[in-house]
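Here are the chains, one letter per residue:
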Amino acid sequence: MSQTLIKNIKKIYGVSTGPSPFIKGAAMSFTETIENAFILIEGDQIVDVGPMKDSPSIAHQVIDVQGKCVMPAWCDSHTHIVFAQGREGEYVDRLQGKTYEEIAANGGGILNSADKLQQKSEDELYESAKKRLEEVISYGTGAIEIKSGYGLTVESELKMLRVIKRLKQHSLATIKATFLGAHAIPWAYKNNREAYIDLIIQEMLPQVATEGLADYCDVFCDQGFFTVAETDRILKAALQHGLKAKIHANELATSGGVQVGIANNAVSVDHLEAIGQEEIDALKVSDTIPTVLPSCSFFLNIHYAPARKMIDQGLGIAIATDYNPGSSPSGNIPLLMAFACNKMRLLPTEAFNAVTINGAHAMELGDTHGTIGAGKIANLIITKEIPSLDYMVYAFGSQHIDQVILKGVVV
Ligand code: NIG
Ligand code: FE
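From a predicted model like this one, the values you see are computed outputs, not experimental measurements.

### Re the overall build of the protein
And then number 1: What the protein contains, in helices and strands, is 15 helices and 16 strands.
And then number 2: Computed over its C-alpha atoms, the radius of gyration of the protein comes to 21 Å, within 12% of the 22 Å expected for a compact globule of 411 residues.
And then number 3: Along the three orthogonal principal directions, the C-alpha set of the protein runs to about 70 × 45 × 40 Å.
And then number 4: Counting only residues that meet the buried cut, the protein has 61% of its 411 residues in that class.
And then number 5: If you take every contact in the protein between residues at least 6 apart in sequence, the share linking residues at least 24 apart comes to 74%.
And then number 6: Charged side chains in the protein number 35 positive and 47 negative. The centres of these two groups are separated by 2 Å.

Below is the structure:
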């Protein structure tokens, strides 16, 4: 099997030689490092990591990275990168004073994206999503969750999920697919929301499951979208088809989304801009991963989730981009880390853990992704010549990434 040796690494961040559990509380401000180090890759896996004095001297391919750092490729556990086109018109409307909810109530927002997506072919959607995926890989992303939810008809939801399946088959990135038929009530069902929920449960979910198109089921449980009772019904139906929950909760209001997610053993509850102590307490006694999305807060100009408080109270968090045309048209994780540090007051190492190992756990990939050690998938970032991880976050907006390796291949 072909071997690649990365040598003279200034510093490796995110080293983990044994099991790599989800990181919580004060432990989030620590990452294991090795200075002046090597990494040996065989096929798609890391087989050895250590200081240069223990380095093997030969391999089929040698990459000398003098002065550069190596990190695990990012694990972005919440995105919507399959969409037809941007919504920059709504952005300008918001700059002129309209709110996200007002735009959605007037047929903009998710329904606008659904109209556009229904008119595109699977091939067109595949090509544009592939470009976005390639772009985020260039920023260092190596594992990514992608949702449907801009179809909102049986045909178009399946079309989106088939696009995600093709991306899974053709990309070196590790991809998880989430069915989000319950993203919004489509126009046609405006006065009969019950019938749309029946459609999700009786037609969409069975077909998604039969074709093996999704790993998870999501619901936008929030004011003006799906209620707690509707969310509960959909998540229970999804579980019967083997789909665990990862949900949108408490973005716009203290909606009960966190609690219904926990009650249904959700892998993660995401957004959390509108949570209080009650939700934090509920999360503390659950295995559900709180995931925060700071670029959504930045872009919608809304509250940031209380990530600092959550970590100080002992919770672990994941951070994801939420890359989508309405609330976060960016999949740039280094920039996201700068938002998390500056606006949520996280430390760079806390943000780093939240987008690597904790993001991996939010996709149930923590055993193989998000850390650097023997037996892990060789998904790695080689930085430019930078002094440290702190510097990468501090000097925000610059491209600090030199090369990305996915499954042992330089991309
Ligand atoms: O995660 N909040 C719900 N869904 C997306 C945004 C959808 C959109 O505006 O297109 C989100 O923010
Ligand atoms: Fe989202």
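### Remarks on the nonpolar core
Looking at soluble globular proteins, one finds that nonpolar side chains tend to be buried together.
And then number 1: Judged by nonpolar contacts, the single largest core of 111 residues is most densely connected at Trp 74, Val 82, Ile 317 and Met 337.
And then number 2: Counting contributing residues, this core receives three or more from each of domain 1 (3-72 + 370-410) and domain 2 (74-361).
And then number 3: Formed by 18 residues, the second largest nonpolar core is a distinct cluster that contains Ile 39, Ile 41, Val 65 and Leu 380.

### So, unusual backbone geometry
And then number 1: Positive phi is not limited to glycine here, since Asn 250 has a value of about 60°.
And then number 2: Within the element layout of this structure, Asn 250 appears in the loop between strand E10 (244-249) and helix H8 (257-263).
And then number 3: Classification of Asn 250 by relative accessible area gives buried; the value is 0%.
And then number 4: For Lys 407, which is not glycine, the phi dihedral falls at a positive 50°.
And then number 5: Within the secondary structure layout, Lys 407 lies in the loop between strand E15 (401-406) and strand E16 (409-410).

### Remarks on the coordination of the iron ion (ligand 2)
And then number 1: Binding of the iron ion (ligand 2) to the protein goes through His 78 (NE2), His 80 (NE2), His 248 (NE2) and Asp 322 (OD), at separations of 2.1 to 2.2 Å.
And then number 2: Sequence spacing of the donors to the iron ion (ligand 2): H-x1-H-x167-H-x73-D. Here His 78, found in the loop between strand E6 (74-76) and helix H1 (88-95), pairs with His 248, found in strand E10; they are 170 residues apart in sequence, far enough to count as distant.

### Some words on the site of ligand 1
And then number 1: In the vicinity of ligand 1 there are 15 residues, among which Arg 87, Tyr 100, Tyr 150, Glu 251 and Ser 327 approach most closely.
And then number 2: Residue Tyr 100 places a side-chain N or O atom 2.4 Å away from an oxygen atom belonging to ligand 1.
And then number 3: Within the side chain of His 248, one N or O atom sits 2.9 Å away from an oxygen atom of ligand 1.
And then number 4: For ligand 1, whose unbound accessible area comes to 320 Å², protein coverage reaches 100%.
And then number 5: Class assignment of the residues belonging to the shell around ligand 1 gives a composition of 4 nonpolar, 8 polar and 3 charged.

### So, the domain arrangement of the protein
And then number 1: Taken domain by domain, the protein holds domain 1 (3-72 + 370-410) and domain 2 (74-361).
And then number 2: Of note, the centres of domain 1 and domain 2, computed from C-alpha atoms alone, are 29 Å apart.
And then number 3: Carbon and sulfur atoms make up 72% of the surface buried where domain 1 meets domain 2, a total of about 2600 Å² over both sides.
And then number 4: Our count for the contact surface shared by domain 1 and domain 2 stands at 0 salt bridges.
And then number 5: The interface formed by domain 1 and domain 2 includes 12 residue pairs in polar contact (both at pLDDT 80 or more).

### Overview of the packing of aromatic side chains
And then number 1: Enumeration over the complete set of coordinates arrives at 8 aromatic pairs.
And then number 2: Taking the centre distance of 5.0 Å and the plane angle of 20° together, the rings of Tyr 91 and Phe 299 count as stacked. Here Tyr 91 is found in helix H1, whereas its partner Phe 299 is found in helix H10 (residues 294-300), with 208 residues between them in sequence.
And then number 3: Arranged with centres 5.4 Å apart and planes meeting at 55°, the rings of Tyr 189 and Tyr 196 form a pair that is tilted.
And then number 4: Judged by relative accessible area, Tyr 189 falls into the partly exposed class, the value being 23%.
And then number 5: Among the aromatic residues, those joined into a cluster by ring pairs are Tyr 13, Trp 74 and Phe 352.
And then number 6: Looking at Arg 94, its charged tip hangs above the ring of Phe 299, at a distance of 4.8 Å from the centre.

### Remarks on the side chain of Asn 250
And then number 1: At a separation of 3.4 Å, a polar atom in the side chain of Asn 250 contacts the main-chain amide nitrogen of Gly 257.
And then number 2: Excluding anything up to four places from it in sequence, Asn 250 contacts Cys 221, Asp 222, Ser 255, Gly 256, Gly 257, Val 258, Leu 272, Glu 273, Ala 274, Ile 275 and Glu 279.

What counts, and where the lines are drawn
Residues numbered from 1 in each chain as written. Chains lettered and ligands numbered in written order. Predicted model: local features only at pLDDT ≥ 70, side-chain atom pairs only at ≥ 80, totals over all residues. Heavy atoms only, no water. Helix = DSSP H or I, 4+ residues; strand = E, 2+ residues; numbered from the N terminus. Rg over C-alpha atoms; globule rule 2.2 N^0.38 Å. Buried < 20%, exposed > 50% of the residue type's maximum accessible area, 1.4 Å probe, protein only. Contact = heavy atoms within 4.5 Å. Lys, Arg positive; Asp, Glu negative; His and termini not counted. Charge placed at Lys NZ, Arg CZ, Asp CG, Glu CD. Core = buried A, V, L, I, M, F, W, Y, C linked by side-chain atoms within 4.5 Å. Domains from an automatic or database assignment. Donors = N, O, S within 2.8 Å, 3.2 Å for Na, K, Ca; no water. Near = heavy atom within 4 Å. Polar contact = N/O pair within 3.5 Å; in protein donor to acceptor, adjacent residues only side chain to side chain. Areas by Shrake-Rupley, 256 points an atom, 1.4 Å probe, with all protein chains shown as cover. Nonpolar A, V, L, I, M, F, W, Y, C, P; charged D, E, K, R; others polar. Buried area = accessible area lost by both parts, 1.4 Å probe. Salt bridge = Lys/Arg side-chain N within 4 Å of Asp/Glu carboxyl O. Phe/Tyr/Trp six-rings, centres within 6.5 Å; stacked < 30°, edge-to-face > 60°. Lys NZ or Arg CZ within 6 Å of the ring centre and 35° of its normal.

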